Amino acid sequence: MASKRPQGDCGSAERKKKRKNSVEKVGLCSVLEDEQVKTAVKRAWRQKTHYSCGDLELACHPFPHCIIRNFIGEDGFIDDLQKELLGLNFNEKSNDLYKFKQSDDLKKSNKPHIQGIRSVLFQQFRPWLEGMIGAELESTVDISCAKYEYTDVLLCHDDELEGRRVAFILYLVPQWDSSDGGTLDLYKTDYNFQPKEISKTIVPTRNTLVIFEVSPVSFHQVSEVLSKEKCRLSLGGWFHGQSLERPPRYTEPPVTRNPHIPRDETLLMEWVNPIYLDISYQEHIQGEFEDSSEIQLKDFLKEDKFRQVNEALQLSQIQWTKKGPANKRCYDVASLENLPECIYGCWELLHSEAFFLLLSNFTGLRLHYLCPSDDDDDEEQKTKENVKQDEEGTSAEETTSNNNRSAVESTPKCSGELRRWTHGSYTLLHDGEAARAEYALDLILPFQCADWDTDFGGFTCYVANEEDEELLTVYPEDNSLALVYRDKETLKFVKHINHKSSQPSTDSSRGRTFYDFSIVYYE
């Protein structure tokens, strides 16, 4: 079919197409062009003092950061940039540290306004930033778009990764209030360079750029978005350069481990559902456990005992303390002093000699000297030791001393806590945990979670070290004893408990809270 379009229109269409795909150029906030401001900002950054001029504010507490309002000089550009970004494909991102949606890396996007903002940041703005911090930055483009919606969150972290020098966030939000959540919270640190408490909160504002130096103390978070209607859209990434010198990473003191409490089987008969004391059923449990290295034993405590503990957990006499630091954990732990009698009784049960033996029967692990072992291997080992003694001329007294010391070191022990979980609670994976990972048996015994929904979070995830693979998830369930055996390559975290849990339940005007005994046993 012949076309009726004038010949000249073809060229016009091509020119329109080219214009559509060309980079949209735009100016920056006028304060960034002021030479006096550049000099003052550089001086304030070097001296670590506060400076403010028009739309620009530089602060150095709790760590150096700069806020530039009306960063892009044209509102129309921001509107069009937002439209382009919302048209991208977003990937769900969820692990121990965060939950939000993120675009692919935007360094290759050919959309005109995305290309334009890349040009603004990494060509126009980068020289200004280099002047402020007094350091050369690479031309590396590291930028993506993040979309935070209801209950999305990015928990406390420091952004440190080789090559990252300055982090940036450009907000593309609608009218935003602190009550909407999604604030950028900056933490001050203690003398161990660990996050102590939130020192400053920045509420997102449209067309505002926030930058901060990535350092050993640059701990921050994006607080949970509480608005069900608004979307917290932002562009973020890092300018790369020589990393700041980092002090040795702080190593937390090891958790105290204790041997069992001398209590006999009468304690088991008082507390434990009789079905779990049946020897043949214990053999069945052990078979299942050995197949999968995990098991959940429902209705584990006697009904009356469970009810007593469940009710007592709400008593005001229990002293709860927030446990941190925020880059590793945030939940409440109970002091063992002044616990109600029935709660302390449950604590004693889980630490008793009789319970260690019961766990041995459940799992086949050697948590008690009465647990069956490979006698042949033991005898062979003793023979080898006797031969070695004869060859080296080691005295009987020295051998006995070494054997006694070995026996003490291999005595089964445990460490444990009574924990309270509510809105905002979580634990995170961290380098220290990975470095000290070892073979262990985890026990979790929850209370007051009858109306707990999996959408709230609060479940325990087991993952392979340095991998995203989720191996197992343990959901809180009333009076259901969870046992999980983990090796040196398995880590765990408790998923952040979100705002949905704080909504009133059907039988209470308060939000949901649950509790658990968490004990770790070592052979």
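Throughout what follows, the structure given in this document is the object of discussion. Predicted model, so just to flag it, every value in this text is computed and none were measured. (Residues numbered from 1 in each chain as written. Predicted model: local features only at pLDDT ≥ 70, side-chain atom pairs only at ≥ 80, totals over all residues. Heavy atoms only, no water.)

This paragraph deals with a negative patch on the surface. Side chains of Glu-466, Glu-467, Asp-468, Glu-469, Asp-487 and Glu-489 sit close together on the surface and give a patch of like negative charge. Structurally, Glu-467 can be placed in the loop between strand E20 (460-464) and strand E21 (470-474). (Patch = residues over 30% accessible without salt bridge, like charges linked within 9 Å, V, L, I, M, F, W, Y side chains within 5 Å. Areas by Shrake-Rupley, 256 points an atom, 1.4 Å probe, with all protein chains shown as cover. Salt bridge = Lys/Arg side-chain N within 4 Å of Asp/Glu carboxyl O. Lys, Arg positive; Asp, Glu negative; His and termini not counted. Charge placed at Lys NZ, Arg CZ, Asp CG, Glu CD. Helix = DSSP H or I, 4+ residues; strand = E, 2+ residues; numbered from the N terminus.)

With respect to the helices and strands, the residue Arg-164 is situated in strand E8 (residues 164-171). Among buried charged residues, Arg-164 stands out as having no salt bridge; its nearest opposite-charge side chain is Asp-159, 4.3 Å away. (Buried < 20%, exposed > 50% of the residue type's maximum accessible area, 1.4 Å probe, protein only.)

With 14 residues, helix H6 (residues 279-292) ought to run about 20 Å at 1.5 Å a step, and its terminal C-alpha atoms sit 20 Å apart, in line with that. Every buried residue belonging to H6 is among Gln-282, Ile-285 and Phe-289, and all of these are buried. All buried residues of H6 lie within an arc of 60 degrees about the axis, which places them on one face of the element. Away from its buried face by more than 90 degrees, H6 exposes Glu-283 and Asp-291. Residues of H6 that are buried make contact with strand E14 (294-297), helix H9 (353-363), strand E19 (440-447) and strand E22 (481-486). Looking one or two places after H6, you find Ser-293, whose phi comes out positive at around 65 degrees. (Expected span 1.5 Å × (residues − 1). Arc of directions from axis to C-beta. Contact = heavy atoms within 4.5 Å.)

So, on to the packing of aromatic side chains. Within this structure, the stated rule accounts for 25 aromatic pairs. Their ring planes at 65 degrees and their centres at 5.3 Å tell us that Tyr-98 and Phe-100 sit as a pair that is edge-to-face. The two residues Tyr-98 and Phe-100 agree in class, both being buried. Clustering of aromatic rings is evident, with ring pairs tying together Phe-71, Phe-122, Phe-125, Trp-128, Phe-168 and Phe-239. Sitting over the ring of Phe-90, Lys-147 keeps its end group 4.3 Å from the ring centre. The residue whose ring lies beneath Arg-257 is Tyr-522, and the NZ or CZ to ring-centre distance is 3.5 Å. (Phe/Tyr/Trp six-rings, centres within 6.5 Å; stacked < 30°, edge-to-face > 60°. Lys NZ or Arg CZ within 6 Å of the ring centre and 35° of its normal.)

Glancing now at the pattern of salt bridges. Opposite charge on two side chains permits pairing when their charged atoms draw close. Evaluated as defined, the whole model comprises 26 salt bridges. Its salt-bridge partner being Lys-99, residue Asp-152 comes within 2.6 Å of it at the nearest N-O pair. Here Asp-152, found in the loop between strand E6 (143-148) and strand E7 (153-157), pairs with Lys-99, found in strand E5 (residues 98-103); they are 53 residues apart in sequence, far enough to count as distant. Using a relative accessible area of 4% as the deciding quantity, one classes Asp-152 as buried.

Let us look at the nonpolar core. Counting residues in each nonpolar core, the largest one holds 48 residues, and the members touching the most others are Leu-32, Ile-68, Phe-71, Leu-85, Phe-125 and Leu-235. Every residue in contact with Ile-68, bar those within four places of it in the chain, is listed here: Cys-29, Leu-32, Asp-55, Leu-56, Phe-125, Trp-128, Asn-207, Thr-208 and Leu-209. Among the nonpolar cores identified, the runner-up in size contains 45 residues, and Ile-295, Leu-297, Leu-339 and Phe-447 belong to it. (Core = buried A, V, L, I, M, F, W, Y, C linked by side-chain atoms within 4.5 Å.)

A word on the pairing of E21. If a strand is regular, its side chains alternate between the two faces of the sheet. Strand direction decides the pairing type here: E20 and E21, joined by 4 bridges, are antiparallel. Paired with Thr-460 across the two strands is Val-474, which belongs to E21. Counting the residues in the hairpin turn of E20 and E21 gives 5 residues, including Glu-466, whose phi is positive at 65 degrees. (Pairing = 2+ DSSP bridges.)

Turning next to the packing of helix H8 (residues 341-351) against H9. Between H8 and H9, the shortest axis-to-axis distance is 5 Å and the interhelical angle comes to 55 degrees. Judged on the interaxial angle alone, H9 and H8 are oblique. Here Leu-349, Leu-350 and His-351 of H8 lie close against H9, whose contacting residues are Glu-353, Phe-355 and Phe-356. Class assignment of the residues belonging to the contact of H8 with H9 gives a composition of 4 nonpolar, 1 polar and 1 charged. (Axes fitted to C-alpha atoms, helices over the stretch in contact; angles between N-to-C directions. Parallel < 35°, antiparallel > 145°, perpendicular 65-115°, else oblique. Nonpolar A, V, L, I, M, F, W, Y, C, P; charged D, E, K, R; others polar.)

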